[in-house]
Amino acid sequence: MPALGVNEPACTLCGRCLVACAAGRAVLTGALDPAWLEQSLLRVDGPAPPAHIRLCRHCLTAPCVDACVARALRRDAAGDAVSLDSSRCVGCYSCVMECPFSAPLARAVSGNAGRGTVIAKCDGCAQLPEPLCAAVCPTGAIRAAGDARSASSRARRRRAVGLGLAGHR
Amino acid sequence: MTRYLIVGLNVAGIAAMKAIRELDRAGRIVAVSGESHLPYSRVLLPRYLAGGAVREEMSLEPADFYRAEGTRVIWGRRVVALDHERREAALDDGTTIDFDRALIAAGGSPIIPGHLAGPGVTGLRTLEDAVLIRERASAGTRVCIGGAGPVGVKTACALAELGVRPALIVASGRILSQIADPEAASLAQRRLELHGVEVRLGTDISRALRGRAGLEALQLSDGTAVPCGLLVLCKGVTPNVAGMPSAVHGRSGIAVDGMMATRMSGLYAAGDAAETRDLIDGQTKVTAIFPNAAAQGRIAGKNMAGATAVFDGSLPRNALDLLGLPLISIGLVAAGLDARHAVRATRTAGSYRKLVYRDGLLVGALLVGEVMDAGVLQARIRRNLAGSPGLREPGQLMGEAG
Amino acid sequence: MEQRFVNVDAKLCTGCAMCELACSYHHEGCYSPRLSRVRLVRFEDRGFSVPATCAYCERPICEEACPTAAFAHDPATGAARVHEARCIGCKECVNACPLGVIDLHPVHGTPMRCDLCDGDPACVKLCPTGALALQLVSDAVRDKRRAVQTARIRLAEAGGLES
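Residues numbered from 1 in each chain as written. Chains lettered and ligands numbered in written order. Predicted model: local features only at pLDDT ≥ 70, side-chain atom pairs only at ≥ 80, totals over all residues. Heavy atoms only, no water.

> Any details on the interface of chain B and chain A? Residues and values, ideally.
Contact residues are listed per partner, giving 38 residues for chain B and 35 residues for chain A. Here chain B packs against chain A, burying approximately 2900 Å² in sum over the two surfaces, 54% of which is carbon and sulfur. The largest per-residue losses of area from chain B upon contact with chain A belong to B:Arg47, B:Glu57 and B:Met372, which jointly make up 20% of the total buried on that side. Inspection of the chain B/chain A interface yields four salt bridges. For the salt bridge of A:Glu98 with B:Arg317, the shortest nitrogen-to-oxygen distance reads 2.5 Å. In this structure, the connection of chain B to chain A is made through 13 residue pairs in polar contact (both at pLDDT 80 or more). When residues of the side of chain B that touches chain A are traced back to their parent elements, those giving at least two are α3 (55-58), α7 (290-304), β22 (317-322), β23 (325-331) and α8 (374-385) of chain B. Of the residues belonging to the side of chain B that touches chain A, the class tally is 19 nonpolar, nine polar and ten charged. (Contact = heavy atoms within 4.5 Å. Buried area = accessible area lost by both parts, 1.4 Å probe. Salt bridge = Lys/Arg side-chain N within 4 Å of Asp/Glu carboxyl O. Polar contact = N/O pair within 3.5 Å; in protein donor to acceptor, adjacent residues only side chain to side chain. Helix = DSSP H or I, 4+ residues; strand = E, 2+ residues; numbered from the N terminus. Nonpolar A, V, L, I, M, F, W, Y, C, P; charged D, E, K, R; others polar.)

Given below as structure tokens:
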């Protein structure tokens, strides 16, 4: 399971995640155009907290995958993430309509009849040891949680420490 | 070992196949596909017609998906009779297949009224249809489209991209009348006209005028005639239910319960052939949209393989790209608005957004131009319709300020 | 209606893990702690353990976080249900639960949450020491009050408490 946990109430809209994601894109693709900040694969919608963090949750039964008429969105072979093959994307907006987090973002592409816009979304920083957005988030609003299971077991343990200590006083 | 039969192999059938494989590895699956091609995405046919998608990109699954162990696909055959008593399906080549549980996912066929049927009149449902339309249009044949639902409009866009100037003949007073209100429809219409589509509103096709060279013109109900060498009818699809036991028939398709099970044990239905409850009006009907077929197929597959999964009902929704102008329609947006409903509409240059509330709860969204938060709105609509209104309000949504 | 929940008395837990086995057998038909809705947290180094299970929060943050309303409640008993077909496996509930008691089913990918076993929890039935009990919140508080006062009286009777 991918390594992202999102806790919107903790977000202060500092924007570090956007910069880190965009910088990561720019480095990985070597695209250093003036609009590099636009390459960020997540958005944080304000204008004030609570924020709406538009970041892919890599759902297990992802509605975007169900709705993708071009099969550009799929669960990848390892079943770890929802991956996007943007060369297949036809810009039909079906995933935009389905994603409850509004995580798919529009990207303008030039040329190619009928494909003025394609979709971009988080790839889970597959090539990196840790997702960049989580690495720079100062409040834990986006966390690299290992996987969802270990996040759950850590919370259980934290709580149990409290219970156990009370019980053994 | 359970013997599964899947009648019709497209979005719903494939989703069911995946679900069954996941839960019952020992089962034997036989699928009957009406076409000989690898199953492809029908929604992409307008793009294919316009040359914007190639054949391989349209495949729903790679070829080896259908060759997995325990799976057999019979290509280019139809099930002509399903004998529930003997648990046996008869194919059009005379062979039979035995089964324990069967899924009817045969989809639908374009509606072509008898008085128009004949040479020069087609739907857009298969690759062959798309090839025919592209060839005729490229050769200079004047193409008319009958019906301006999502498929008709997308076909018009595709032909406009090809550089031909199609005529869109619309019986209703506006295009996209089921999914858009007059304001959104006029924005969409302007976009079509800008790209050379001729839109004729409020007039129906009463007769196809054929000469020696085939179709020559269409006689319209307003008394005029339009020259036409090829008529593409996009007036919806009718469920393919022929050969299925009459006990499972509903109003037009196959009647199913929440588990996608028909009245006959072991018989399930999903996709464009199945009638489900509409979440907005509570009516039972076919809601022939792509994501519905995938969800229903998966749920049917799970139940067939012994798990329990329940389909909530269908939320009518559509997303369209009108030559660069996105339009998304979710839930209740135009028809059936009464005193219980309140509407909030916002307009900016190039965008129109309308949110519909029932008793204070969001039940519909119609977005043109600025659509990127549609998913959040859809999730809220679903929660509201499920009777558990969103407790956590998401951050302020676009167009909802104040 | 006042909600019942499985209350935990950590002092009584011996770490035998009967609760996990009972729960997984009741819900999944097999003995697997991984499939249990109640999970034992073990602190081997300190020699104690404690079961963790759904606290039936008055304001369930897992349900608030769910974008598809996949959590439901039995109107009669208040027991939690998961509407599996609605669940999209986004893991928001897993991340939201502060107690870490919502886990995803390893096969179905949907949340596993204590449903109180139709009012007769298997874990409570099989717990040999009474560390788990199905209780109303008010009863749990009353018992706790009583236990504290009992301890005071015992202490006083032993002459350890000046009164």
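> Residue-level account of the pairing of strand β10 (residues 143-146) of chain B, with values.
Residue and element names in this part refer to chain B. Both faces of β10 are covered, namely the face carrying Val143 and Ile145 and the face carrying Cys144 and Gly146. Alignment of β10 against strand β11 (residues 167-169), held across three bridges, turns out to be parallel. Residue cysteine 144 lies in a different strand from β11, and its bridge partner there is alanine 167. As a crossover connection, the stretch from β10 through helix α5 (residues 150-162) into β11 is right-handed. (Buried < 20%, exposed > 50% of the residue type's maximum accessible area, 1.4 Å probe, protein only. Pairing = 2+ DSSP bridges. Right-handed = clockwise from strand over helix to strand, strands pointing away.)

> Explain the sheet that holds strand β13 (residues 205-211) of chain B residue by residue, including any values.
All names here are of chain B. With antiparallel pairing, three strands are arranged side by side in an open sheet as β13-β14-β15. Looking at strand neighbours, the two that pair on one side only are β13 and β15 (225-227), the edges of this open sheet. Across the sheet, the mean angle from the axis of one strand to that of its neighbour is 30°, orientation sign disregarded. (Axes fitted to C-alpha atoms, helices over the stretch in contact; angles between N-to-C directions.)

> Now, about the interface of chain B and chain C: what can you tell me, with residues and values included?
With twelve residues of chain B at the contact, the number on the chain C side is 14 residues. Interface of chain B and chain C: buried area, both sides summed, is about 1000 Å²; carbon and sulfur atoms make up 51% of it. Inspection of the region where chain B meets chain C yields one salt bridge. Inspection of the chain B/chain C interface yields four residue pairs in polar contact (both at pLDDT 80 or more). Elements supplying a minimum of two residues to the side of chain B that touches chain C: α1 (11-23) and α8 of chain B. Of the residues contributing to the side of chain B that touches chain C, the split by class is six nonpolar, two polar and four charged.

> I'd like a rundown of the pairing of β22(B), residues and numbers included.
All names here are of chain B. Summarising burial for β22: six of the six residues are buried, a large majority. The alternating pattern of β22 places Arg317, Ala319 and Asp321 on one face and Asn318, Leu320 and Leu322 on the opposite face, and all of these are buried. Here β22 runs beside β23; their pairing, made up of six bridges, is antiparallel. Looking across to β23, one finds that leucine 320 is bridged to leucine 327. The turn linking β22 back onto β23 is made up of two residues, and leucine 323 within it adopts a positive phi angle of 50°.

> So what's going on with the nonpolar core? Which residues, and what values?
Within the largest apolar cluster, 163 residues are counted, with the highest numbers of intra-cluster contacts made by A:Ile142, B:Leu5, B:Leu168 and B:Ile175. Residue contributions to this core peak at seven residues, all from α7(B). The residues touching B:Leu5, leaving out its near neighbours within four places in the chain, are B:Val30, B:Val32, B:Leu82, B:Ala89, B:Ile97, B:Phe99, B:Arg101, B:Ala102, B:Leu103 and B:Met304. With 38 residues, the next largest nonpolar core counts C:Val8, C:Val38, C:Phe43 and C:Leu132 among its residues. (Core = buried A, V, L, I, M, F, W, Y, C linked by side-chain atoms within 4.5 Å.)

> Can you explain the pattern of salt bridges? Please cite residues and give values.
Close approach of charged atoms allows side chains with opposite charge to pair. This structure, assessed with the given rule, holds 42 salt bridges over all chains. B:Glu35 is the salt-bridge partner of B:Arg42, the closest N and O atoms lying 3.1 Å from each other. Classification of B:Arg42 as partly exposed rests on a relative accessible area of 23%. For B:Glu35, a relative accessible area of 16% gives the class buried. Within the structure, one salt-bridge network assembled from shared partners comprises A:Arg71, A:Arg74, B:Lys18 and B:Glu61.

> Tell me about helix α1 (residues 18-28) of chain C, and please be specific about residues and values.
Residue and element names in this part refer to chain C. Inspection of α1 places Cys19, Glu20, Ala22, Cys23 and Ser24 among the buried residues, and these make up the whole buried set. Its buried side turned inward, α1 meets β2 (39-43), β3 (48-52), α4 (122-126) and β8 (132-136). Looking one or two residues past α1, glycine 29 carries a phi angle of roughly 75°, positive in sign.

> Give a detailed account of the packing of aromatic side chains, specifying residues and quantitative values.
Following the criterion strictly, the structure yields four aromatic pairs over all chains and no others. For the ring pair B:Tyr66 and B:Trp75, a centre distance of 5.5 Å and an interplane angle of 80° mean the geometry is edge-to-face. B:Trp75 sits in the partly exposed class, given a relative accessible area of 30%. Centroid distance C:Phe43 to C:Phe48: 5.0 Å. Interplanar angle 25°. Geometry classified as stacked. In this structure, C:Phe43 and C:Phe48 share a single accessibility class: buried. Here the aromatic cluster, defined as three or more aromatic residues joined through ring pairs, consists of B:Phe65, B:Tyr66 and B:Trp75. B:Arg134 extends its terminal NZ or CZ atom over the ring of B:Tyr48, reaching a point 4.9 Å from the ring centre. In this structure, C:Arg113 is placed above the aromatic ring of C:Tyr56, and the distance from its NZ or CZ to the ring centre is 5.7 Å. (Phe/Tyr/Trp six-rings, centres within 6.5 Å; stacked < 30°, edge-to-face > 60°. Lys NZ or Arg CZ within 6 Å of the ring centre and 35° of its normal.)

> An account of unusual backbone geometry is needed here, citing residue identities and associated values.
Cis geometry marks the peptide bond from A:Gly46 to A:Pro47, where omega comes out at 10°. Mapped onto the fold, A:Pro47 is located in the loop between β2 (43-45) and β3 (52-54). In this model, A:Pro49 is joined to A:Pro50 through a cis peptide bond whose omega is 5°. Residue position: A:Pro50 is located in the loop between β2 and β3. We note that C:Lys91 has phi near 75°; this positive angle belongs to a residue other than glycine.

> Help me get a handle on the sheet that holds strand β3 (residues 71-75) of chain B, residues and values and all.
All names here are of chain B. In space, the five strands of this open sheet follow the order β3-β2-β1-β7-β19, with parallel pairing throughout. In the strand order of this sheet, the two ends are held by β3 and β19 (267-269), each with one partner. The sheet shows a mean angle of 15° between the axes of neighbouring strands, taken without regard to direction. Bridge count between strand β7 (residues 101-104) and β19: three bridges; the pairing is parallel. Bridge pairing in β19 links alanine 102 to leucine 267.

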